[in-house]
Amino acid sequence: MTPDLLQKGAERVARVAQQRVEATESGGRSASYGRVVHDASQVDMTHGRILYLEEVSVSFDGFKAINQLSLDIAPGELRCIIGPNGAGKTTMMDIITGKTRPDEGRVFFGSTIDLLRYNEPEIAQLGIGRKFQKPTVFEHLSVFENLELALKTPKGVKASMFFKLDSRQSDRLAEVLHTIHLADSVRVQAGTLSHGQKQWLEIGMLLMQDPQLLLLDEPVAGMTDFETERTAELFLSLKGKHSLMVVEHDMSFIRTISDIVTVLCDGSVLAQGTLDQVQADERVIEVYLGR
Ligand SMILES: Nc1ncnc2c1ncn2[C@@H]1O[C@H](COP(=O)(O)OP(=O)(O)OP(=O)(O)O)[C@@H](O)[C@H]1O
Ligand SMILES: [Mg+2]
């Protein structure tokens, strides 16, 4: 590659990095970039909990979408969340990630970080990664460029242009490529990937930031059976290294990956236990699984 082409490539990636700040799914993320809010390695888990919600409520126009919700997750746990449409699953994730502010209750990351004191970009920086349902990869960039982009702290176009992976980041990128089953597609343009591969790539982009907690909203919706199976393997491989909260309606997927399943209904916990336990629960059958 000539220096000219290299320069053009760097400019392209930098431009996208800039767009990414300006046009994120939740909007307005640029506010606190470049401001380190907390050292994510300092999340205090001495009480055996990485995430802790206590009596959280939020109303929209008088409708209580989340109602006295209490829930906690252990470090390294893979928690599955199920429940009928409108139960409040996505809203719960909105609250954890700072997109929605609850009217009351407490939300803690570890035992000392009060998440209600932080905004959305700050919470991402603290080590909580979120995957929305729709894949949001940069279609015209390669798999490699998408992952590289995930590492950039967009402090401006110029800084991004001269961004270069250090050896630790290169190692991380190689490890993530392998984890998300895309090692053979590193130079492939993201737009040509299958739906499932795009979802994996976006999970890979989150993993580049090494989040302690990952929130995944309906990750296998629209995937083929094969892609769903590979995603189950992927999540099981992440368990232990990260804590995961997975919202899904696909029960066979839940069966493959779950330890503890929490059933949400009307904005609070209806039941919790193994999948067999909650599937046998009359109240769960009534509101969700059907007779
Ligand atoms: N920003 C908002 N403004 C008004 N109502 C909202 C808002 N966000 C969520 N709701 C309402 O809160 C309730 C819970 O919605 P939520 O999207 O959290 O459900 P869900 O459990 O994720 O459902 P699904 O399985 O369909 O994704 C719904 O009745 C929804 O219409
Ligand atoms: Mg939802």
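Read on for an overview of the structure.

Cut-offs used in this document
- Residues numbered from 1 in each chain as written.
- Chains lettered and ligands numbered in written order.
- Predicted model: local features only at pLDDT ≥ 70, side-chain atom pairs only at ≥ 80, totals over all residues.
- Helix = DSSP H or I, 4+ residues; strand = E, 2+ residues; numbered from the N terminus.
- Buried ≥ 20, exposed ≤ 12 C-beta atoms within 10 Å, placed from the backbone.
- Contact = placed C-beta atoms within 7 Å.
- Pairing = 2+ DSSP bridges.
- Axes fitted to C-alpha atoms, helices over the stretch in contact; angles between N-to-C directions.
- Left-handed = near helix turned anticlockwise from the far one by under 90°.
- Near = placed C-beta within 6 Å.
- Nonpolar A, V, L, I, M, F, W, Y, C, P; charged D, E, K, R; others polar.
- Core = buried A, V, L, I, M, F, W, Y, C linked by C-beta atoms within 7 Å.

**Topic: the overall build of the protein chain**
Helix and strand counts for the protein chain stand at 11 helices and 10 strands. Scored against the burial criterion, the 291 residues of the protein chain give a buried share of 40%. Intrachain contacts of the protein chain at a sequence separation of at least 6 include 69% that bridge at least 24 residues.

**Re the sheet that holds strand β8 (residues 243-247)**
Read across the open sheet, the 6 strands follow the order β6-β7-β8-β3-β9-β10; overall the sheet is mixed. The open sheet terminates on both sides in strands that have one partner only, identified here as β6 (128-131) and β10 (268-273). The mean inter-strand angle of the sheet, taken between neighbouring strand axes irrespective of direction, is 20°. With 4 bridges connecting them, β6 and strand β7 (residues 213-217) associate as parallel partners.

**Quick notes on the packing of helix α6 (residues 167-179) against helix α7 (residues 195-208)**
Contact pair α6 / α7: the axes reach a minimum separation of 10 Å and the direction vectors enclose 145°. In this structure, α6 meets α7 at a crossing whose hand is right-handed. Where α6 approaches α7, its residues Arg-172, Leu-173, Val-176 and Thr-179 are matched on the opposing element by Gly-204, Leu-207 and Met-208.

**Remarks on the site of ligand 1**
Around ligand 1 lies a shell formed by Phe-60, Ala-65, Gly-83, Asn-85, Gly-86, Ala-87, Gly-88, Lys-89, Thr-90 and Thr-91. Among the elements that take part in the shell around ligand 1, helix α2 (residues 89-96) stands out by supplying 3 residues, more than any other. For the shell around ligand 1, a count of residues per class yields 3 nonpolar, 6 polar and 1 charged.

**Observations concerning the nonpolar core**
Of all hydrophobic cores here, the largest spans 72 residues; its most connected members are Ile-96, Phe-109, Leu-201, Val-246 and Val-263. Looking at which element gives the most residues to this core, the answer is α7, with 7 residues. Sequence-distant contacts of Val-263, that is, excluding residues within four places in its chain, are made with Ile-82, Gly-83, Leu-270, Ala-271, Gln-272, Val-278, Val-284 and Tyr-288.

**A closer look at the sheet that holds strand β2 (residues 63-73)**
Taken in spatial order, the 4 strands of this open sheet run β2-β1-β4-β5, and their pairing is antiparallel. Two strands lie at the open edges of the sheet, namely β2 and β5 (113-114), each paired on one side alone. Sheet topology places strand β4 (residues 104-109) next to β5; 2 bridges connect them, and they run antiparallel. Bridged to Phe-109 within β5 is Ile-113. Helix-sheet contacts for α2 involve β1 (51-60), β2 and β4, and the interaxial angle to β2 is about 65°.

**Things to note about the environment of His-249**
By the element assignment, His-249 lies in the loop between β8 and α9 (251-257). For His-249 and Pro-219, which are 30 residues apart along the polypeptide, the C-alpha to C-alpha distance reads 9.8 Å.

**Observations regarding the pairing of β10**
Strand direction decides the pairing type here: strand β9 (residues 261-265) and β10, joined by 5 bridges, are antiparallel. Bridging across to β10, Val-263 finds its partner in Ala-271. From the end of β9 to the start of β10, which pair antiparallel, there are 2 residues, and Asp-266 there has a positive phi angle of about 50°.

**What to know about the environment of Gly-273**
Along the chain, Gly-273 falls in strand β10. Using a count of 15 C-beta atoms within 10 Å as the deciding quantity, one classes Gly-273 as partly exposed. Sequence spacing of Gly-273 and Thr-262 is 11 residues, and the spatial spacing of their C-alpha atoms is 6.7 Å. Once you skip the residues sitting within four places of it in the chain, Gly-273 turns out to touch Ile-260, Val-261 and Val-278.

**So, the environment of Leu-275**
The residue Leu-275 is located in helix α10 (residues 275-279) in this model. Residues Leu-275 and Ser-258 lie 17 residues apart in sequence; the distance between their C-alpha atoms is 7.2 Å. Setting aside residues up to four positions removed in sequence, Leu-275 forms contacts with Ile-254, Arg-255, Ser-258 and Val-261.

**Focus on unusual backbone geometry**
Look at Glu-55: it is not a glycine, yet its phi comes out positive at around 45°. Along the polypeptide, Glu-55 turns up in strand β1. For Glu-55, a count of 13 C-beta atoms within 10 Å corresponds to the partly exposed category. Phi angles above zero are rare outside glycine, and Glu-218 is one such case at about 50°. Since 17 C-beta atoms lie within 10 Å of it, Glu-218 is described here as partly exposed.

**Description of the pairing of β9**
The buried count for β9 comes to 5 of 5 residues, which makes it a mostly enclosed element. Of the two faces of β9, the one lined by Val-261, Val-263 and Cys-265 and the one lined by Thr-262 and Leu-264 are each fully buried. The pairing of strand β3 (residues 78-82) with β9 spans 3 bridges and is parallel. Paired with Ile-81 across the strands is Thr-262, a residue of β9.

Remember, this is a structural readout, not a statement about activity or role.
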